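Coordinates in review
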Amino acid sequence: MRLSKFFLPTLKDDPVDAVTSSHKLMIRAGMIKQLTAGVYSYLPFGLLVIRKVENIIREEMNAIGGNEFLLPALSPNELWAQTGRLEDYGELMFRIKNRELVLGPTHEEVFTSIAKPSLISYKDLPQVWYQIQTKFRNEDRPRAGVLRAREFTMKDAYSFDATWEQLDKSYNDMAVAYRNIFRRCGFSEIIIVSAFSGAMGGSDSEEFMIPSPAGEDNIAVSEDGKYASNIEVAESYKESVERKNSNLSIEKFHTPDIKSIDELADFIKTKDKSRLAKSRVYVNVTGNGNEYIMVLICGDDEVNEKKLEKHFGMNIRPAQNEELTEITGADAGSIGPAGLKNKKIRIIADNLLKDADELISGANENDYHIKNLDLKRDVPGIEYFDLRLAKEGEETADRKSRLKITKAVEVGHIYKLGTKYAKALGAMFLDAEGKENPVIMGSYGIGIQRTVASFIEESHDDKGIIWKGEISPFKVIILSLGDRSEEVRNLSEEYYRILTAEHKTETLYDDRKEVRPGVKFNDADLIGIPVQLIIGEKNLKEGNVEIKIRKSGERIISRKEDAVNKILEIVKETV
RNA sequence: CGGAGCGUAGCGUAGCCCGGUAUCGCGCCAGUUUUGGGAACUGGAGGCCGCAGGUUCGAAUCCUGCCGUUCCGACCA
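Because the structure is predicted, anything quoted here is derived from the model rather than measured.

A tally of helices and strands in chain A yields 16 helices and 31 strands. Once the C-alpha set of chain A is aligned to its principal axes, its extents read approximately 95 × 65 × 50 Å. Per-residue burial over chain A gives 53% buried out of 575 residues. Across chain A, every contact between residues at least 6 apart in sequence was considered, and the portion connecting residues at least 24 apart equals 69%. Accessible surface for chain A amounts to roughly 26,600 Å². Of this, 48% is attributable to carbon and sulfur atoms. Of the side-chain charges in chain A, 83 are positive and 94 negative, and the distance between the mean point of each set is 3 Å.

Structure below.
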């Protein structure tokens with residue numbers, strides 16, 4: 001491609017609205033342009049990279065027997081109502097105003113509706129179906145350019161199996177394909193974590209994470225590398241609160257203006273906050289009225305709301321202040337499980353507090369706390385779950401290593417859906433005994449733009465992007481310096497012809513006239529093509545040209561006759 | 001959805017407090033000179049000052065409402 005004909009609107013300065021490196025660089029390198037919040041146009045340079053990623057994915061999906069589809073973005077409300085997701089997705093789903101249609105945030109329903117009349121015998125199974133298609137999610141807050149957008153491209157794949165063993169195989173095939181995909185994309189580190197399957201429903205679930213400060217997820221990885229988990233489901237070892245069996249009776253004491261656990265610890269002059277039971281109240285919004293749940297947790301721990309969702313569903317939210325007063329008779333900071341006036345509240349506690357006594361908690365009266373609370377004695381009907389958020393530096397559950405918490409971008413997600421959608425939509429098949437069963441499904445996604453942006457996050461410097469390997473949009477850029485020299489012009493043209501026509505090497509040729517060398521150098525560094533071939537009068541006088549490696553900055557002066565072979569060699573090494 | 005900020009030329013901005021018809025830089029166009037790391041000079045084009053209403057002789061500036069957008073928190077590929 002000749003740069004004189006290529007639409008590449010590069011920017012000298014960072015756009016003021018961009019914060020993360022990938023966002024800044026994608027705009028500066030002329031890859032994307034924002035149309036409105038969370039909605040981007042992909043300009044030719046950006047699209048080239050997106051196509052590279054898509055093609056890698058396509059090859060790996062086909063390699064495990066995947067069938068490529070292209071489903072509609074529009075689908076009828078009715079279909080989503082059948083699985084209950086019209087409600088479950090809520091405001092996250094874009095709805096068409098003048099038709100009973102939605103813009104698909106994902107495609108389980110549509111794929112299942114195709115499977116239903118077609119996959120009717122165990123002989124039709126297994127199948128792997130996928131598409132690369134635009135998804136729409138009405139995100140409350142789009143962020144960081146394409147890392148979190150309202151419109152984005154996703155590769156979504158679905159497996160259909162007759163048995164759970166077969167599902168395991170489909171899932172494992174997909175996991176292998178995903179590893180291949182991200183390796184081929186050139187990531188230096190990809191961490192596979194166990195995850196919560198969220199609004200999709202399902203059991204086994206793993207996420208493919210690229211560690212990055214721009215990431216929105218926190219992942220817990222053990223130092224020995226044997227445990228990796230999204231913080232949402234991460235478990236760790238911490239000693240539980242010991243039962244003392246002292247049977248001391250509850251005493252109320254005055255705690256003026258004490259609102260937080262830290263203040264309380266200072267007030268009673270203790271450093272050990274584990275016996276200061278923190279009480280948080282959640283509302284579970286159900287079809288037949290609100291259910292209130294009080295969660296007790298050690299004072300030095302935080303409630304992991306994802307773990308709550310696992311037990312109580314997606315519609316759980318923290319209670320508001322007015323609700324707290326109504327339920328407990330006190331404001332946040334003074335509430336507790338003992339002597340609640342409102343008996344309708346369900347009380348649960350973290351496993352670490354199982355049967356603990358001599359606890360301190362709020363008295364359900366402002367500015368008062370109680371001590372010697374005994375959960376076994378004073379809170380009948382209390383239930384225990386794992387509810388705490390794992391913390392940096394804690395031991396792993398097996399006590400063999402310690403956890404590190406890292407920010408990461410979720411680029412892919414695989415999970416076993418089971419029969420939820422097949423049952424809801426009636427996708428049944430006949431097994432060898434002639435018995436009818438629901439098809440067993442898996443669901444597998446990759447965010448295309450996220451993959452591109454994550455790559456830039458981990459591969460750039462202060463000059464710009466540094467592409468490498470298969471996703472590099474061009475392998476070589478020719479910088480022709482000094483358009484007044486016919487010799488420079490002719491030789492540049494010749495290199496361009498040889499590289500593209502004879503060696504099929506993807507080459508961008510900066511043939512722009514009246515553009516100063518400095519501009520060409522800086523644009524080349526910004527757009528990050530791995531190898532630069534620089535042709536200028538200075539070196540050409542000696543019969544030489546220059547080859548620069550973008551990543552290392554290394555410059556090689558080469559005889560002009562040897563340059564093509566040298567470049568081909570370097571390209572081969574960097575792919 | 002809660003909290004904070006910002007909307008002035010393609011991009012980045014000054015002006016806003018204290019009302020008088022918009023500043024500067026980059027970019028763009030023309031010419032001259034330059035030419036290996038974002039050139040210099042000269043001349044030029046480009047603006048519903050986010051939108052609507054109000055106050056006023058007069059509004060980018062003051063008031064009200066709306067819209068857009070960014071960032072920090074609750075959601076997901």
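Back to the text.
Taken together, the neighbourhood of RNA strand B is formed by 51 residues, with Thr 36, Arg 148, Asp 525, Glu 546 and Arg 555 sitting nearest. By atom count, sugar and phosphate contribute 46% of the portion of RNA strand B lying within 4 Å of the protein. The side chain of Arg 143 places a nitrogen or oxygen atom 3.5 Å from a phosphate oxygen of RNA strand B. At the level of elements, β1 (32-36), β8 (151-161), α8 (305-312), β21 (403-418), α14 (517-527), α15 (537-540) and β30 (544-549) are the ones that each hand at least two residues to the surface near RNA strand B. When residues of the surface near RNA strand B are assigned to their parent elements, the largest contribution, seven residues, is made by α14. A breakdown of the residues in the surface near RNA strand B according to their chemical character gives 18 nonpolar, nine polar and 24 charged.

For the rest of this paragraph, the subject is the sheet that holds strand β19 (residues 368-373). Backbone hydrogen bonds hold the strands of a sheet together, and the pairing may be parallel or antiparallel. On the basis of which strands lie adjacent, the open sheet formed by three strands has the order β13-β19-β18 and antiparallel pairing. The sheet is open, and its two borders are formed by β13 (251-254) and β18 (359-362), each paired with just one other strand. On average, each strand axis in the sheet is tilted by 30 degrees relative to the strand beside it, whichever way the strands run. Of the strand pairs in this sheet, β18 and β19 are connected by three bridges, and their pairing is antiparallel. What sits directly across from Gly 362, in β19, is His 369.

With that settled, consider the side chain of Ser 454. Here Ser 454 shows up in helix α12 (residues 448-458). Excluding its chain neighbours within four sequence positions, the residues that come into contact with Ser 454 are Leu 147, Phe 187, Ile 210, Val 409 and Val 411.

For chain A, the domain assignment lists domain 1 (21-187 + 417-457), domain 2 (251-385) and domain 3 (474-574). Look at where the C-alpha atoms of domain 1 and domain 2 centre, and you get two points 40 Å apart.

Looking now at the pattern of salt bridges. If you walk through the whole model with that rule in mind, you get 31 salt bridges. Note that Asp 173 and Lys 169 form a salt bridge whose closest N and O atoms lie 2.9 Å from each other. Of this pair, Asp 173 and Lys 169 both sit in helix α6 (residues 164-184), four residues apart, which is roughly one turn of that helix. Through salt bridges with shared partners, a single ionic network connects Glu 59, Glu 60, Arg 184 and Glu 470.

In terms of nonpolar packing, the biggest core is built from 61 residues, with Met 31, Phe 45, Met 61, Tyr 178, Ile 181, Val 452 and Trp 467 touching the most fellow members. At eight residues, α6 tops the list of elements feeding residues into this core. Two domains share this core, each providing at least three of its residues, namely domain 1 (21-187 + 417-457) and domain 3 (474-574). Core analysis: the second largest hydrophobic core is formed by 29 residues, Ala 277, Ala 338, Leu 340 and Leu 353 among them.

Moving on, we come to the sheet that holds strand β5 (residues 94-95). With respect to topology, three strands assemble into an open sheet ordered β4-β6-β5, the strand pairing being antiparallel. Both outer strands of the open sheet, β4 (74-76) and β5, are each paired with one neighbouring strand and no more. Sheet analysis places β4 next to strand β6 (residues 101-103), joined by three bridges and oriented antiparallel. The partner of Ser 75 across the bridge, within β6, is Val 102.

Let us look at the layout of surface pockets. Considering only enclosed or pocket space, the second largest pocket measures out at about 440 Å³ in volume. Forming the walls of the second largest pocket are 23 residues, and the residues nearest its centre are Asp 17, His 23, Ile 27, Gln 34 and Tyr 40. Of all the secondary structure elements, the ones that give two or more residues to the lining of the second largest pocket are α1 (21-28) and β1. Taken together, the residues of the lining of the second largest pocket break down into 13 nonpolar, six polar and four charged.

Before going further, it helps to spend a moment on the packing of α1 against α12. One way to put it is that α1 packs onto α12 with a least axis distance of 8 Å and a crossing angle of 105 degrees. By the angle between their axes, α1 is roughly perpendicular relative to α12. Touching Ser 21, Ser 22, Leu 25 and Met 26 of α1 are Val 452, Ala 453, Ile 456 and Glu 457, all from α12. By residue class, the composition of the contact of α1 with α12 is five nonpolar, two polar and one charged.

A separate point is the packing of helix α2 (residues 44-63) against α6. It is the contact of α2 with α6, at a shortest axis distance of 9 Å, that shows an interaxial angle of 150 degrees. Accordingly, the angle class assigned to the pair α2 and α6 is roughly antiparallel. Seen along the crossing, α2 lies across α6 with a hand that is right-handed. Contacts between α2 and α6 pair Ile 56, Ile 57, Glu 59, Glu 60 and Met 61 from the former with Met 174, Ala 177, Tyr 178, Asn 180, Ile 181 and Arg 184 from the latter.

Looking now at empty space enclosed by the protein. Per the stated rule, a full pass over the model turns up one cavity of 30 Å³ or more. By volume, the largest cavity amounts to about 40 Å³. As for the largest cavity, its lining consists of Ser 246, Asn 247, Leu 248, Asp 357, Glu 358, Asn 372, Asp 374 and Arg 377. Per-class residue counts for the lining of the largest cavity are one nonpolar, three polar and four charged.

Bringing a negative patch on the surface into the picture now. Together, Glu 223, Asp 224, Glu 392 and Asp 398 line one region of the surface with negative charge. Counting through the fold element by element, Glu 392 comes out in the loop between β20 (383-385) and β21.

Moving on, we get to the side chain of Lys 548. Tracing the backbone through its elements, the reader meets Lys 548 in strand β30. Discounting residues that sit within four places of it in the chain, Lys 548 has contacts with Asp 525, Pro 530, Val 531, Gln 532, Ile 534, Gly 553, Glu 554 and Arg 555.

Our next topic: unusual backbone geometry. Cis geometry is adopted by the peptide bond preceding Pro 126, which originates at Leu 125 and carries an omega value of -5 degrees. Looking at where Pro 126 falls in the secondary structure, it is placed in the loop between α5 (108-118) and β7 (127-136). Even without a glycine there, the phi angle at Asn 245 is positive, about 55 degrees. By the secondary structure assignment, Asn 245 is in the loop between β12 (228-230) and β13. Taking relative accessible area as the criterion, Asn 245 reaches 55% and is therefore assigned exposed. With phi around 55 degrees, Glu 514 is a residue other than glycine that occupies positive phi space. Residue placement: Glu 514 occurs in the loop between β28 (507-510) and α14.

Quick notes on the rules
- Residues numbered from 1 in each chain as written.
- Chains lettered and ligands numbered in written order.
- Predicted model: local features only at pLDDT ≥ 70, side-chain atom pairs only at ≥ 80, totals over all residues.
- Heavy atoms only, no water.
- Helix = DSSP H or I, 4+ residues; strand = E, 2+ residues; numbered from the N terminus.
- Buried < 20%, exposed > 50% of the residue type's maximum accessible area, 1.4 Å probe, protein only.
- Contact = heavy atoms within 4.5 Å.
- Areas by Shrake-Rupley, 256 points an atom, 1.4 Å probe, with all protein chains shown as cover.
- Lys, Arg positive; Asp, Glu negative; His and termini not counted.
- Charge placed at Lys NZ, Arg CZ, Asp CG, Glu CD.
- Near = heavy atom within 4 Å.
- Polar contact = N/O pair within 3.5 Å; in protein donor to acceptor, adjacent residues only side chain to side chain.
- Nonpolar A, V, L, I, M, F, W, Y, C, P; charged D, E, K, R; others polar.
- Pairing = 2+ DSSP bridges.
- Axes fitted to C-alpha atoms, helices over the stretch in contact; angles between N-to-C directions.
- Domains from an automatic or database assignment.
- Salt bridge = Lys/Arg side-chain N within 4 Å of Asp/Glu carboxyl O.
- Core = buried A, V, L, I, M, F, W, Y, C linked by side-chain atoms within 4.5 Å.
- 1 Å grid on protein atoms, 1.4 Å probe; cavity = no way out; pocket = protein on both sides within 12 Å on 5 of 7 lines; lining within 4 Å.
- Points joined across faces, edges and corners; volume = space filled by probe spheres on them.
- Parallel < 35°, antiparallel > 145°, perpendicular 65-115°, else oblique.
- Left-handed = near helix turned anticlockwise from the far one by under 90°.
- Patch = residues over 30% accessible without salt bridge, like charges linked within 9 Å, V, L, I, M, F, W, Y side chains within 5 Å.

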